[in-house]
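# Understanding the architecture of this molecule
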Amino acid sequence: MSSFNDIFETYNWDDTKASIYAKTSADVERALVASKRTLEDFKALVSPAAAPYLEQMAAISQQLTLKRFGKVIQLYVPLYLSNECNNICTYCGFSYDNKVRRKTLSPMEIMQEVAVIKDMGYDHVLLVTGEANLTVNVDYFKKTLDLIRPHFAHISMEVQPLDLEDYGQLTPYGLNTVLVYQETYHQEDYKKHHPKGKKSNFQYRLETPDRLGQAGIHKMGLGVLIGLEDWRTDCFFTALHLNYLEKQYWQSKYSLSFPRLRPFSGGLEPKVEMSDRELVQLICAYRLFNEEVELSISTRESSNFRNNIIKLGITSISAGSKTNPGGYAVEPEALEQFEISDERSPQEIAKMIRAQGYEPVWKDWDNCLVK
Amino acid sequence: MLTIAGKTFNSRLFTGTGKFSSSALMEEALLASGSELVTVALKRVDVKNNQQDDLLIRLKYPHINLLPNTSGVRNAKEAVFAAQLAREALETNWIKLEIHPDPKYLMPDPIETLKATEELAKMGFVVMPYIHADPVLCKRLEDAGTAVVMPLGSPIGSNKGLKTIDFLEIIISQSNVPVIVDAGIGSPSDAAKAMEIGADAVLVNTAIAVSNDPVKMAVAFQMAVEAGRMAFEAKLALPVVHAIASSPLTSFLDE
Ligand code: SF4
């Protein structure tokens with residue numbers, strides 16, 4: 001079976017990076033007016049040469065997003081099930097070597113959390129865990145999905161990468177969407193940031209979206225953690241990955257995220273800073289490159305930024321998030337995975353969305369459609 | 001260079017043998033076109049005694065590969081049978097799959113075509129199906145093991161050009177196999193357009209065969225296909241836009 005790795009291997013990080021930084025304003029102008037944009041166009045749009053064209057990019061991004069998605073913003077919220085983790089990730093509060101109290105929610109605790117999330121108005125939830133295969137495994141996921149399925153129209157998961165058979169086992173339980181971020185496509189740096197645990201296997205992670213496609217998952221989310229490496233190059237590889245997956249698994253939908261490294265207790269300083277302006281550039285570049293992909297922004301970003309980005313290409317945002325297991329009801333004070341920047345409640349966010357003439361949507365899929 | 005099933009082609013112009021006023025003229029035109037893949041209707045050749053067949057004799061050149069087509073069959077079963085016959089008679093496992101149950105418009109049958117592609121691919125054929133410009137069907141055919149897809153530009157023999165261009169662009173953007181625009185290409189400019197939007201090759205028959213000067217027209221198509229391909233590779237220059245200073249959408253960044 002072929003996989004993304006076959007394509008990835010034909011690229012070299014340094015050459016790719018150099019080619020992005022060599023893009024000129026002529027390349028950017030060509031990319032702006034092209035009717036179908038290529039990977040080379042994407043390089044131009046994320047390059048430093050595109051900075052003076054930001055307003056134009058924003059205008060095109062807005063139009064394309066309206067054409068495809070209308071005036072609608074999806075809302076989602078994470079439900080952290082567990083912070084147990086056997087991996088060491090240098091940027092994460094749940095890292096194995098970090099001294100935090102470990103907790104995996106019991107069925108009763110999960111239901112307490114669910115009650116609060118439902119009260120906020122949500123019909124879509126994103127399940128999040130670390131990687132602790134002894135306790136938080138396919139069996140645990142099955143039980144959890146079974147438990148919460150009656151309460152949500154749409155369930156997404158952001159957990160450790162699984163084998164093909166495992167994904168196949170979970171779809172009958174109502175799993176619809178899986179997010180797996182590569183963190184960085186820079187192989188050596190990946191090794192540095194993931195020195196221990198199953199996650200240190202770069203290739204296994206890289207080929208996870210292939211397994212998701214083969215398992216027929218409806219939607220998958222890709223992304224890198226911005227701050228680990230040169231974001232322009234990393235995001236080019238994300239676009240390359242997306243391009244490959246869309247061709248290969250044409251029945252799946254895709255979403256992209258672009259989390260910027262956030263402080264957490266004992267945390268890592270970003271190696272590469274990305275300004276707000278550059279994040280806007282990236283969001284618009286993704287939209288110009290791909291009109292259909294969903295673009296998602298989390299509560300890592302500031303209120304002011306989130307208010308203004310709604311109209312520029314984003315299609316889904318989280319609100320009211322807690323990033324610790326039990327954070328909504330069971331144990332609100334426990335240590336979080338990363339600091340939230342936008343602390344507003346989902347209702348406040350919904351109000352802000354409406355004030356801009358957009359409709360907040362609390363789910364975007366209903367499992368009753370397949371059963 | 002274009003590669004299909006391990007065979008490379010210098011010319012991206014594929015041609016056909018039908019509708020020429022004489023087989024001598026056909027030979028001359030096909031040679032002038034530089035085409036390296038020529039489709040032959042199985043129903044027109046003498047499969048039993050092919051050493052004597054006038055049409056086949058005129059195509060015996062080292063650079064010309066024969067592509068038997070199943071035109072005339074009405075379903076998958078007949079198509080598979082025809083392909084086996086072609087393999088034996090013409091000693092090639094390449095097959096252009098054409099299934100049209102309707103004799104009036106010769107519209108390809110998507111369901112039978114998919115079925116036949118699946119079977120033929122399993123039997124080791126290099127399958128080149130003629131189909132509607134239907135992006136989903138193209139992906140289904142890919143899964144079924146097709147070697148290429150050959151969507152139509154407009155109804156066969158109509159010379160109407162690329163009526164399906166919007167669908168062709170979708171097909172080209174997501175295909176993992178070569179896309180060859182088949183049917184409807186009426187003039188060299190249509191062929192050039194197909195190549196400019198990124199088609200891997202075009203198949204032209206009627207427009208060459210029925211022109212007043214098929215040899216000259218064959219050369220015109222050859223040049224058009226090359227020009228179109230070059231333009232695609234070089235990227236068309238587009239109208240220039242100018243950078244503008246800050247304004248409403250991104251001005252919050254300056255606050
Ligand atoms: S990022 Fe995920 S895998 Fe890494 S330490 Fe944190 S929870 Fe564990």
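Structure report, in brief. Every residue gets a number counted from 1 within its own chain, in the order that chain's sequence is written. Going through the entries in the order they are written, you letter the chains from A and number the ligands from 1. Note on the predicted model: pLDDT of at least 70 is required for a residue's local features to be given, and 80 or more for side-chain atom pairs to be given and counted; whole-chain, interface and lining totals, by contrast, use all residues. The basis for every side-chain value is the complete set of heavy atoms in the structure, and neither hydrogens nor water enter the calculation.

### Examining the interface of chain A and chain B
- Contacts were defined at the residue level, with two residues in contact if any of their heavy atoms lie within 4.5 Å. With 26 residues of chain A at the interface, the matching set in chain B holds 27 residues.
- Roughly 2,300 Å² of surface becomes buried between chain A and chain B when both sides are summed, with 63% attributable to carbon and sulfur atoms.
- Once two parts are put together, the accessible area they lose, assessed with a 1.4 Å probe and summed over both, is termed the buried area. Summed over the three residues of chain A that lose the most area to chain B, namely E55, K247 and W250 of chain A, the buried surface amounts to 32% of that side.
- By definition, a salt bridge exists where a carboxyl oxygen of Asp or Glu is found within 4 Å of a side-chain nitrogen of Lys or Arg. Across the chain A-chain B interface, the total number found is one salt bridge.
- Notably, a salt bridge pairs D254 of chain B with R277 of chain A, separated by 2.5 Å at the nearest N-O pair.
- Whenever a nitrogen or oxygen atom comes within 3.5 Å of another N or O atom, the pair is scored as a polar contact, on the condition that within protein one atom can donate a hydrogen and the other can accept it, and that pairs from neighbouring residues in sequence are kept only if both atoms are in side chains. Along the contact surface separating chain A from chain B lie six residue pairs in polar contact (both at pLDDT 80 or more).
- Under the DSSP-based scheme used, a helix requires at least four consecutive residues in state H or I and a strand at least two consecutive residues in state E, with every element numbered from the N terminus. Of all elements in the fold, only α3 (25-33), α5 (54-69), α12 (231-248), α13 (276-289) and α14 (303-309) of chain A reach the threshold of two or more residues within the side of chain A that touches chain B.
- Looking at the side of chain A that touches chain B element by element, the count peaks at six residues for α5 of chain A.
- For the side of chain A that touches chain B, the residue count by class is 12 nonpolar, seven polar and seven charged. Gly falls in the polar group here, along with every residue not listed as nonpolar (Ala, Val, Leu, Ile, Met, Phe, Trp, Tyr, Cys, Pro) or charged (Asp, Glu, Lys, Arg).

### Thoughts on helix α6 (residues 165-174) of chain B
Residue and element names in this part refer to chain B.
- Exposure classes here rest on a 1.4 Å probe applied to the protein chains alone. A residue is buried below 20% of its type maximum, exposed above 50%, and partly exposed in between. All of the buried residues in α6 are L168, I171 and I172. All buried residues of α6 fall inside an arc of 95° around its axis, so they share one side.
- Packing partners of the buried residues in α6 comprise α5 (135-144), β8 (150-151) and β9 (180-182). Relevant arc is that of directions from the helix axis to the C-beta atoms, nothing else.

### Focus: the environment of I95 of chain B
- Take I95 of chain B: it is sitting in strand β6 (residues 94-97).
- Other than its neighbours up to four places away in sequence, I95 of chain B contacts L67, P68, T70, A83, A86, L120, F125, V126, V127 and M128 of chain B.

### Considering the pairing of β6 of chain B
Residue and element names in this part refer to chain B.
- Burial of β6 is two-sided: the residues W94 and K96 facing one way and the residues I95 and L97 facing the other way are all buried.
- Only when DSSP finds a minimum of two bridges between them are two strands counted as paired. Sheet topology places β6 next to strand β7 (residues 126-131); four bridges connect them, and they run parallel. Each residue of the ladder has a partner; that of K96, found in β7, is M128.
- For the handedness criterion, the strands are oriented away from the viewer, and a crossover whose path from the first strand over the helix to the second runs clockwise is classed as right-handed. Note on the crossover from β6 through helix α4 (residues 110-122) to β7: the handedness is right-handed.

### Quick look at the layout of surface pockets
- Put plainly, a pocket is an open set of points on a 1 Å grid over the protein atoms alone with protein on both sides within 12 Å along at least five of seven lines, a cavity is a set where a 1.4 Å probe fits but cannot get out, and a lining residue has an atom within 4 Å of a point. Grid points are joined across faces, edges and corners, and a volume is the space filled by probe spheres set on the points. There is about 2,000 Å³ of room inside the largest pocket.
- Contributing to the lining of the largest pocket are 50 residues, with K36 and R37 of chain A together with E169, S173 and Q174 of chain B lying nearest its centre.
- Per element, the largest residue contribution to the lining of the largest pocket is five residues, and it comes from α6 of chain B.
- Looking at the lining of the largest pocket, its residues break down into 19 nonpolar, 12 polar and 19 charged.
- If you add up the space inside the second largest pocket, you get close to 620 Å³.

### Observations concerning unusual backbone geometry
Residue and element names in this part refer to chain B.
- The residue A5 is not glycine, and still its phi comes out positive at about 50°.
- Its place among the elements puts A5 in the loop between β1 (2-4) and β2 (7-9).
- For A5, a relative accessible area of 53% corresponds to the exposed category.
- Phi at A183 is positive, roughly 75°, even though this residue is not glycine.
- Within the secondary structure, A183 sits in the loop between β9 and α7 (188-196).

### Observations regarding the pairing of strand β4 (residues 175-179) of chain A
Residues and elements named next belong to chain A.
- Of all five residues in β4, five are buried; the element is thus mostly enclosed.
- With three bridges connecting them, strand β3 (residues 154-158) and β4 associate as parallel partners. Paired with S156 across the two strands is T177, which belongs to β4.
- Taken together, β3, helix α8 (residues 164-170) and β4 form a β-α-β motif whose crossover is right-handed.
- Bridge analysis of β4 against strand β5 (residues 219-223) gives three bridges, and the strand direction is parallel. Bridge pairing in β5 places L179 opposite G221.

### Examining the site of the ligand
- Nearness of a residue to a molecule or strand requires only that one of the residue's heavy atoms be within 4 Å of it. Taken together, C85, N87, C89, Y91, C92, F94, S95, G130, K199 and Q337 of chain A form the complete shell of residues around the ligand.
- Of the residues contributing to the shell around the ligand, the split by class is five nonpolar, four polar and one charged.

### Thoughts on the nonpolar core
- Here, nonpolar core refers to any group of buried Ala, Val, Leu, Ile, Met, Phe, Trp, Tyr and Cys residues whose side-chain atoms link them within 4.5 Å. Ranked by size, the top nonpolar core spans 103 residues in total, and within it F258 and L282 of chain A carry the most contacts.
- Beyond its immediate chain neighbours, meaning those up to four positions away, L282 of chain A contacts F42, V46, I226, W231, C235, F258 and M274 of chain A.
- Counting residues in each nonpolar core, the second largest holds 57 residues, with V38, V45, V177 and F221 of chain B among its members.

### A short note on the packing of α7 of chain B against helix α9 (residues 214-234) of chain B
All names here are of chain B.
- Where helices are involved, their axes are fitted lines through C-alpha atoms of the stretch in contact, as for all axes, and angles between N-to-C directions lie from 0 to 180°. Viewed as axis vectors pointing N to C, α7 and α9 meet at an angle of 25°, and their least axial separation amounts to 7 Å. By the angle between their axes, α7 is roughly parallel relative to α9. The handedness of the crossing between α7 and α9 is right-handed. When α7 is examined against α9, the residues P188, A191, A192, M195 and E196 are found in contact with a partner set consisting of M217, A220, F221, A224, V225, G228, R229, A231 and F232.
- Across the contact of α7 with α9, the residue classes tally to 11 nonpolar, one polar and two charged. Angles below 35 degrees are treated as roughly parallel, those above 145 as roughly antiparallel, those between 65 and 115 as roughly perpendicular, and all remaining angles as oblique. Should the near helix be turned anticlockwise from the far one by less than a right angle, the crossing is termed left-handed; should it be turned clockwise, right-handed.

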